[in-house]
Amino acid sequence: MSHLCCTGRHSDPPCAGASIARPIKKETDITSATPAATRGFDAFGLGPSVLRGIDFAGYETPRPIQLETIPAVLDGADVMGLAQTGTGKTAAFALPILEQLMARKTRSTSVLVLAPTRELATQIHTEVTDLGQFTRAKSITVYGGVSIKRQIEALRRKPQIVVACPGRLLDLHRQGAIKLDQVDTLVIDEADHMLDLGFLPDVKAIIDLVPTKRQTMMFSATMPPEIRKLANDVLNDPLVVDLGNSKVVSTVEHEIYPVSQRNKLSLLQHLLGEAPFYSAIVFTRTKHRATRIARQLRNSGFDSAALQGNMSQLQRDKAMQGFRDGKFQILVATDIAARGIDIANVTYVINYDFPNTPDAYIHRIGRTGRSEQEGRAFTFVIPDDEPAVRALEKKLGKRVNRCVLPEFAELKVTEDGKVTSTQPGAASAPEPAPSEATRGNAGDRKRRPPKGHRGHQTSRGRRSRARHRKHASRSTRSQP
Ligand code: AMP
């Protein structure tokens, strides 16, 4: 994989795939299960209704996480699945749950799935509904920001599966609209986030409401040790399936762009205008900034939408659906889009603002490079971000290439990779409104199908890339 602008090539070790983490109790090395990968879904002993759902979804071969998780869940074991979104974890828990529901013929809510964002809850519900369409199981979502009345009505129909965000679920419980005493299966997605300080009180309250005799599953791409300890208190002798958590997929190329705060927007426009791409997610730190950048990109001809927590649910749904459908090529989002969201063919993830933690970086970057497609992660770095860059590189176990474009960075990269300002105050000066000169001419830009992204460039794209590379190698030579 060559670089847009860096002089060197990455020497990243590829994601090791399955790896064995420190055991909690049982632990599975899924590499040892490779021969099973040749078996189809029918080897799990799933019934015809569930198999029809799998067929309808077009899944031919079980994914590694499914090979390990499905038999364990059917056996009644608790599971901790450490895997990136897009590895098939939703089906890994949904399929055996649907099978168990077929056997039980329950008429009350017995499966509770907790997710941190409305978007992720909707995504899980959609997959469960698709896979379970030939079964009698019914799923609904409950989350805030929309009418509670409709959810109360939906709960009266006694769905067996409820996919919920914690706050609204507790509201509904307080109002007597949902009983959790019949729940025998609890799934906590993005478990590390659900057990961190923000969500923990609500999640604990919910765990106290469901029977202690239950099957519990947790899934996450990252699991810091302190959260893992908490998780261990909730799980009972879990099977741990570790697909190389905390690692970023090997199909993603990482680049850091030193830039001054005031030049971030022009650098963004430059990168987006540089070569055809399919779609991009731009992450900002604040809600206000997500809205502003999306607007500024639209003004300069890019099809873009914002996604942030202050928007109404209708606006959020429109942005998400528009991005999935290709109406918007660019989604400018806060971290609400960082976890769990599975959208095919995202070419670029651009960290307009540096993520708060290395784990947040891993979650954001997990939106690209999915299903063996190539993806690229651009991260804008101002000097204030330097300690965070170090922490990230420590977590990744490697140095990330710096791409210095002199026209955007009144900054210099020192020999040890540190980013410093060459002009006092310049690096953190506020961003100006975009001038005509910084506006791209993107009005005629078309979304390009992602044939491996790179093999599908126009000669204009290649020429521009070559120019850019030459330019950058000049700059990085003078600032090693
Ligand atoms: P996740 O977000 O980890 O649940 O991954 C979901 C994505 O993987 C969705 O696009 C699913 O349709 C897809 N998927 C899950 N299992 C399979 C499978 N066995 N074969 C092909 N695609 C799958």
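Just so you know, these numbers come straight off a predicted model, no measurement behind them.

Thresholds applied
Residues numbered from 1 in each chain as written. Predicted model: local features only at pLDDT ≥ 70, side-chain atom pairs only at ≥ 80, totals over all residues. Helix = DSSP H or I, 4+ residues; strand = E, 2+ residues; numbered from the N terminus. Buried ≥ 20, exposed ≤ 12 C-beta atoms within 10 Å, placed from the backbone. Near = placed C-beta within 6 Å. Nonpolar A, V, L, I, M, F, W, Y, C, P; charged D, E, K, R; others polar. Pairing = 2+ DSSP bridges. Expected span 1.5 Å × (residues − 1). Arc of directions from axis to C-beta. Contact = placed C-beta atoms within 7 Å. Core = buried A, V, L, I, M, F, W, Y, C linked by C-beta atoms within 7 Å. Axes fitted to C-alpha atoms, helices over the stretch in contact; angles between N-to-C directions. Parallel < 35°, antiparallel > 145°, perpendicular 65-115°, else oblique. Left-handed = near helix turned anticlockwise from the far one by under 90°. pLDDT = per-residue confidence, 0-100.

## Regarding the overall build of the protein chain
From N to C terminus, the protein chain includes 15 helices and 17 strands. In the protein chain, which comprises 480 residues, the share counted as buried stands at 46%.

## Let's talk about the site of the ligand
What surrounds the ligand is a group of 14 residues, the closest being Y59, G88, K89, T90 and D342. Per-element tally for the shell around the ligand: the top contributor is helix 3 (residues 89–104), with 3 residues. Partitioned by chemical class, the residues of the shell around the ligand number 4 nonpolar, 7 polar and 3 charged.

## Looking at the sheet that holds strand 10 (residues 280–283)
The sheet built from 7 strands is open, its strands ordered 11-12-10-13-14-9-15 with parallel pairing. Bordering the open sheet on either side are strand 11 (304–307) and strand 15 (401–402), each of which pairs with just one other strand. Across 4 bridges, the pairing between strand 10 and strand 12 (residues 330–333) is parallel. Its bridge partner being in strand 12, A280 is matched across the sheet by I330.

## Details of the pairing of strand 14 (residues 375–381)
Along strand 14, 7 of the 7 residues are buried, which leaves the element largely enclosed by surrounding structure. Looking at chain direction, strand 13 (residues 348–351) and strand 14 are connected through 4 bridges and run parallel. The partner of N351 across the bridge, within strand 14, is T379.

## What about helix 11 (residues 287–299)?
An ideal rise of 1.5 Å per residue puts 18 Å on 13 residues; helix 11 measures up with 19 Å between its terminal C-alpha atoms. Looking at helix 11, one finds that the buried residues are R289, A290, I293, A294, Q296 and L297. Here the buried residues of helix 11 occupy an arc of 165° about the axis, which is enough to place them on one side. On its buried side, helix 11 packs onto helix 10 (264–274), strand 10, strand 11 and strand 12. Downstream of helix 11 by a residue or two, G301 has a phi angle that is positive, lying close to 95°.

## Here's the deal with the nonpolar core
The nonpolar side chains of a soluble globular protein tend to be buried with one another. Counting 119 residues, the largest nonpolar core has L114, A164, V282, L331 and V332 as its most contacted members. The biggest single contributor to this core is helix 3, with 8 residues.

## Description of the environment of S312
Looking at the element boundaries, S312 is found in the loop between strand 11 and helix 12 (313–325). Put simply, S312 and G145 are 167 residues apart on the chain and 6.7 Å apart in space, counted from C-alpha to C-alpha.

## Focus: the pairing of strand 2 (residues 79–82)
Burial of strand 2 is two-sided: the residues V79 and G81 facing one way and the residues M80 and L82 facing the other way are all buried. Bridging between strand 2 and strand 7 (residues 215–220) involves 4 bridges; their strand directions are parallel. Counted as the bridge partner of G81 is F219 from strand 7. In this structure, strand 2 lies alongside strand 8 (residues 239–242), joined through 4 bridges in parallel fashion. Counted as the bridge partner of L82 is D242 from strand 8.

## Remarks on the packing of helix 3 against helix 4 (residues 118–131)
The geometry of helix 3 relative to helix 4 is characterised by a closest axis approach of 10 Å and an angle of 45° between their N-to-C directions. Taken together, the axis directions place helix 3 and helix 4 in an arrangement best described as oblique. Here helix 3 and helix 4 pass one another in a crossing that is right-handed. In this structure, helix 3 uses T90, A91, A94, L95 and L98 to contact helix 4, whose residues at the interface are I124, E127, V128 and L131. By residue class, the composition of the contact of helix 3 with helix 4 is 7 nonpolar, 1 polar and 1 charged.

## Brief notes about unusual backbone geometry
The phi torsion at E190 lies on the positive side, around 50°, for a residue other than glycine. Summarising the element assignment, E190 is placed in the loop between strand 6 (185–189) and helix 7 (191–194). One non-glycine residue, D237, lies in the positive phi region at around 45°. Within the secondary structure layout, D237 lies in the loop between helix 9 (225–234) and strand 8. Its 10 C-beta neighbours within 10 Å are what place D237 among the exposed residues.

## Regarding the environment of S266
Its place among the elements puts S266 in helix 10. Taking the number of C-beta atoms within 10 Å as the measure of exposure, S266 has 22 and is therefore buried.

## Some remarks on helix 6 (residues 166–174)
Among the residues of helix 6, those classed as buried are P166, R168 and L169. Along the axis of helix 6, the buried positions cluster into a sector of 165°, meaning they face one direction only. Residues of helix 6 that are buried sit in contact with strand 3 (111–114), strand 4 (139–142), strand 5 (161–164) and helix 8 (200–209).

## Some words on the packing of helix 2 (residues 64–74) against helix 3
Interaxial distance between helix 2 and helix 3 falls to 9 Å at its minimum, and their mutual angle equals 30°. The orientation of helix 2 relative to helix 3 falls into the category roughly parallel. For the element pair helix 2 and helix 3, the recorded crossing hand is right-handed. Counting all contacts with helix 2, which are made through I65, Q66, T69, I70, V73 and L74, the residues of helix 3 involved are K89, A91, A92, F93, L95, P96 and E99. When grouped by side-chain class, the residues that make up the contact of helix 2 with helix 3 number 9 nonpolar, 2 polar and 2 charged.

## Side note on the confidence of the model for the protein chain
Per-residue confidence for the protein chain averages 79 on the pLDDT scale, and 74% of its residues sit at or above 70. Counting interchain partners and residues more than four positions distant, the pLDDT-below-50 stretch residues 1–38 has 74 contacts.

## Here's the deal with the environment of D202
With respect to the helices and strands, D202 occurs in helix 8. In the structure, D202 is positioned 35 residues away from G167 in sequence and 6.7 Å away in space, judged by C-alpha atoms. With sequence-adjacent residues up to four places away left out, D202 is seen in contact with P166, G167 and L170.

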